[in-house]
Amino acid sequence: MNDLKNTCLHDRHVALGAQMSPFGGFDMPIQYSGIVEEHNAVRNACGVFDVSHMGEVNISGPDAEKYVNHIFTNDLRGIPAGKILYGMMLNPEGGVVDDLLVYKRGENNFFLVINASNIDKDMAWIEKNAAGYDVEIDPLSDELGQLAVQGPGSEEVMEQVLGITCSDLEFYTFKEEELDGVHILVSRTGYTGEDGFEIYAEPEAIVRMWDILMESGRALPCGLGCRDTLRFEVGLPLYGDELSDTITPLEAGLGIFVKLDKPEFIGREALEKQKAEGAPRKLVGLELHDRAIPRHGYEVVNGEGEVVGHVTTGYRGISVDKSIAAALVDTPWSAKGTELKVRIRRKEFPATVTAKKFYKKSYKK
């Protein structure tokens, strides 16, 4: 426990009576009033998350675009400043080092947001592969805090409570400005399937904004518990579950974020080969015919009892009221409508293969 890091809002979480637990090397709030209440607040009104555990790094210099494109599956060429792209960093075998967001701040100036549990690994990977490129790599993880304000009421809360004008932002765009004399970066992004915003700023400013939101009563504090249920229902992947260094983007159904027609990038050759031959496994949705709850790692079997995959994430869906799961299964068993079973505590429960998205996203168009 003593080895865990604290975010700048740790004292606020403890004071609110949050249930705390280790996550990604940090002592993080799992829930406050309860996962169901927090989940529904984000679906129907507005919730706020402390995501200051996330990692950030800025890459600039004459070769910045060329270099980031070399380690990133999406294509940064030609996108305007203020635009954000989602994609992955891959190992040479096509497995995922991490999934991340890349913000284009300006010509040859990019802000990368990486997963908390991968910060040290990612930084080592980024620095190792920068050899031969004229770039400056600036780690920012210890200098920034981050809030995620999410839900259909988030725009009003951002503007009326925090005084941050954001109605001009389109989905997956951002801007940088001064707020009360402090530099902030605000993006229309999130990890919930709802409209929302993420704010990056120095820790003192993040604490100040959190306090203002709490005093307003217009944004419910939310923990990582409902962050997971929200992202899962809309089919968003979690690194370590749906993505890993042994799971490729093509197996995870994220080929749309892999641009094989751009110049060479790490892992491209492996993905081209897998695309030509067909991915051996595919990530699918499963709907159980029972109220039993599937969990990460549970075996998925066919009618003959042969193991054909495993559950990556599973819940009793809060917004859909069904027992649902994401599972990585052998491709012959991945077609929608295929009947399979999930082994739960030595029993087998029938399930049907479905789409990975169980709930419709509600982003601003």
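Further up the page is the structure itself.
So, here's what we can say about the structure. Within each chain, residue numbers correspond to sequence positions counted from 1 in written order. Residues qualify for local features only when their pLDDT is at least 70, as the model is predicted, and side-chain atom pairs are given and counted only at 80 or more; totals for whole chains, interfaces and linings, by contrast, use all residues. Just so you know, side-chain values use all the structure's heavy atoms and leave hydrogens and water out.

Looking now at the overall build of the protein chain. Strands here mean DSSP runs of E at least two residues long; helices mean DSSP runs of H or I at least four residues long; both are numbered from the N terminus. Scanning the protein chain from terminus to terminus reveals eight helices and 19 strands. Only the C-alpha atoms count toward the radius of gyration. The rule for a globule is 2.2 Å times the residue count to the power 0.38. At 21 Å, the protein chain has a C-alpha radius of gyration in line with the 21 Å of a compact globule built from 365 residues. The buried share of the protein chain, reckoned over its 365 residues, is 56%. What makes two residues a contact is simply this: any of their non-hydrogen atoms within 4.5 Å. Sequence-distant contacts in the protein chain: of pairs separated by 6 or more residues, those separated by 24 or more amount to 66%. Looking at the protein chain as shown, the accessible area adds up to about 15,500 Å², and 49% of this sits on carbon and sulfur atoms. Only four residue types enter the tally: Lys and Arg on the positive side, Asp and Glu on the negative side, with His and both chain ends excluded. All charge positions are set by atom: Lys at NZ, Arg at CZ, Asp at CG, Glu at CD. Looking at charge distribution, the protein chain has the averaged site of its 39 positive side-chain charges lying 8 Å from that of its 58 negative ones. Accessibility here uses a 1.4 Å probe with only protein chains present; expressed as a share of the type maximum, an area under 20% marks a residue as buried, one over 50% as exposed, and anything in between as partly exposed. The protein chains shown are the only cover counted for residues, whose accessible areas, like all others here, come from Shrake-Rupley with a 1.4 Å probe.

The criterion for strand pairing is that DSSP finds at least two bridges linking the strands in question. With respect to topology, six strands assemble into an open sheet ordered 10-11-12-9-3-13, the strand pairing being mixed. Of all strands in the sheet, those bounded by a partner on one side alone are strand 10 (174-179) and strand 13 (220-222). Pairwise comparison of adjacent strand axes, ignoring direction, gives a mean angle of 25° for this sheet. Pairing of strand 9 (residues 145-150) with strand 12 (residues 196-201) involves six bridges; the strand directions are antiparallel. Bridge pairing in strand 12 links Gln146 to Tyr200. Strand contacts of helix 2 (residues 35-44): strand 3 (47-50), strand 9 and strand 13, with the helix running at about 115° to strand 13, the strand carrying the most contacts. What counts as an axis is a line fitted to C-alpha atoms, over the stretch in contact for a helix, and the angles between N-to-C directions run from 0 to 180 degrees.

This paragraph deals with the layout of surface pockets. Throughout, the protein atoms alone are placed on a 1 Å grid, and a set of points is a cavity if a 1.4 Å probe fits but cannot get out or a pocket if it is open with protein on both sides within 12 Å along at least five of seven lines; lining residues have an atom within 4 Å of a point. Grid points are joined across faces, edges and corners, and a volume is the space filled by probe spheres set on the points. The computed volume of the second largest pocket comes to approximately 280 Å³. Along the walls of the second largest pocket sit 19 residues, with Lys5, Phe26, Ser141, Asp142 and Glu143 positioned nearest its centre. Ranked by residues supplied to the lining of the second largest pocket, first place goes to helix 4 (residues 119-128) with three residues. In this classification, the charged set is Asp, Glu, Lys and Arg, the nonpolar set is Ala, Val, Leu, Ile, Met, Phe, Trp, Tyr, Cys and Pro, and all remaining amino acids, among them Gly, are polar. In terms of residue class, the lining of the second largest pocket is made up of nine nonpolar, six polar and four charged.

A separate point is the pattern of salt bridges. We define a salt bridge as a contact between a side-chain nitrogen of Lys or Arg and a carboxyl oxygen of Asp or Glu at a distance within 4 Å. Considering all chains together, one arrives at 20 salt bridges under this definition. Asp321 serves as the salt-bridge partner of Arg316, at 3.4 Å between the closest nitrogen and oxygen. Through salt bridges with shared partners, a single network forms among Asp228, Arg231, Asp241 and Glu242.

Next up on the list: empty space enclosed by the protein. Rolled over the atoms, a probe as big as a water molecule pinpoints where empty space is left. On inspection of all chains with the given rule, the structure shows two cavities of 30 Å³ or more. Of the voids in this model, the largest cavity is the one considered here, and its volume is about 60 Å³. Taken together, Arg231, Phe232, Gly235, Leu236, Glu242, Leu283, Ala326 and Lys356 form the lining of the largest cavity. Residue classes in the lining of the largest cavity are distributed as four nonpolar, one polar and three charged. Here the second largest cavity is characterised by a volume of approximately 30 Å³. Every residue lining the second largest cavity is listed: Phe171, Arg188, Thr189, Gly190, Glu194, Asp195, Gly196 and Tyr363.

Further remarks concern the packing of aromatic side chains. Planes of paired rings set the category: under 30 degrees apart is stacked, over 60 is edge-to-face and the rest tilted, where pairs are Phe, Tyr or Trp rings (Trp by its six-membered ring) whose centres lie within 6.5 Å. All told, the structure shown has 10 aromatic pairs when counted by the stated rule. Relative to Trp210, the ring of Tyr32 lies with its centre 6.5 Å away and its plane at 40°, an arrangement referred to as tilted. With a gap of 178 residues between them, Tyr32 in the loop between strand 2 (26-31) and helix 2 and Trp210 in helix 6 (residues 203-216) connect regions that are remote in the sequence. Note on Tyr32: relative accessible area 15%, which makes it buried. Here Trp210 falls in the buried class, since its relative accessible area comes to 1%. Each ring, one from Phe232 and one from Tyr315, has its centre 5.8 Å from the other, and the planes form 50°; the classification is tilted.

Here Arg291 lies in the loop between strand 14 (281-288) and strand 15 (299-301). Arg291 gets classed as exposed once you look at its relative accessible area, which sits at 57%. Counting along the chain gives 24 residues from Arg291 to Tyr315, while the straight-line C-alpha distance between them is 9.9 Å. Among all residues touching Arg291, those that are not within four sequence positions of it are Arg316, Asp321 and Ser323.

Let us look at the pairing of strand 5 (residues 84-90). Note on strand geometry: in a regular strand, side chains alternate between the two faces of the sheet. Burial within strand 5 is extensive, with seven of its seven residues counted as buried. By the alternation rule, side chains of strand 5 split into Ile84, Tyr86, Met88 and Leu90 and Leu85, Gly87 and Met89, which are all buried. Taken together, the seven bridges between strand 5 and strand 6 (residues 96-106) define a ladder with antiparallel strand orientation. Bridging from a neighbouring strand, Met88 pairs with Asp99 of strand 6. In textbook terms, the turn of a hairpin is the stretch between consecutive antiparallel strands, and for strand 5 and strand 6 this stretch comprises five residues, one of which, Gly94, has a positive phi near 95°.

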